[in-house]
Amino acid sequence: MNQTELPVDPPQFYDAHLFVCCNKRAEGHPRGSCAAKGAEGLRDYMKTRAKAMGLKRVRVNMAGCLDRCEHGPCMVIYPEGVWYKIETEADVDHVLTAHVRDGGRAQELMLPNA
Ligand code: FES
């Protein structure tokens with residue numbers, strides 16, 4: 001292979017790979033944690049809803065701390081690298097519908113990337 005040629009990656013295994021922070025810290029920790037804000041239930045709901053919606057090639061995974069604790073409960077979707085704050089089941093539905101199913105964005109829930 002020529003040194004200037006870029007490697008060719010295999011096709012993506014998932015069309016959308018969703019990581020929901022479910023990190024749990026001790027009560028009173030200065031950064032708080034997504035689990036203390038209900039992230040585990042929201043992640044379970046997201047997984048159930050994604051399946052019920054018939055979304056294919058989509059994976060919802062529990063993640064450890066994503067280091068955006070102050071914005072939690074938070075999640076990120078790859079390959080786009082778009083971050084969301086999800087506080088309610090309605091937020092989860094909105095992300096799944098607007099972003100994952102329709103390919104747009106749930107604009108009002110997006111976190112800034114800076
Ligand atoms: S605890 Fe969720 S991003 Fe750190």
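Residues numbered from 1 in each chain as written. Predicted model: local features only at pLDDT ≥ 70, side-chain atom pairs only at ≥ 80, totals over all residues.

Draft legend 1. Main features of helix α1 (residues 39-52). In this model α1 runs 20 Å from its N-terminal to its C-terminal C-alpha over 14 residues, within 8% of the 20 Å that 1.5 Å per residue would give. Every buried residue of α1 is accounted for by A39, L42, R43, M46 and A50. One face of α1 carries all of its buried residues, which in axial projection span an arc of 100°. Among the exposed residues of α1, those pointing more than 90 degrees away from its buried face are T48, K51 and A52. Packing partners of the buried residues in α1 comprise β1 (16-21), β2 (58-63) and α2 (89-101). G54 lies just past α1 and shows a positive phi near 75°. (Helix = DSSP H or I, 4+ residues; strand = E, 2+ residues; numbered from the N terminus. Expected span 1.5 Å × (residues − 1). Buried ≥ 20, exposed ≤ 12 C-beta atoms within 10 Å, placed from the backbone. Arc of directions from axis to C-beta. Contact = placed C-beta atoms within 7 Å.)

Draft legend 2. Summary view of the nonpolar core. Judged by nonpolar contacts, the single largest core of 24 residues is most densely connected at V20, M46 and V95. Among the secondary structure elements, those contributing two or more residues to this core are β1, α1, β2, β3 (74-78) and α2. Apart from the residues lying within four places of it in its own chain, the contact partners of V20 are A39, L42, R43, M46, V60, M62, A63 and M75. (Core = buried A, V, L, I, M, F, W, Y, C linked by C-beta atoms within 7 Å.)

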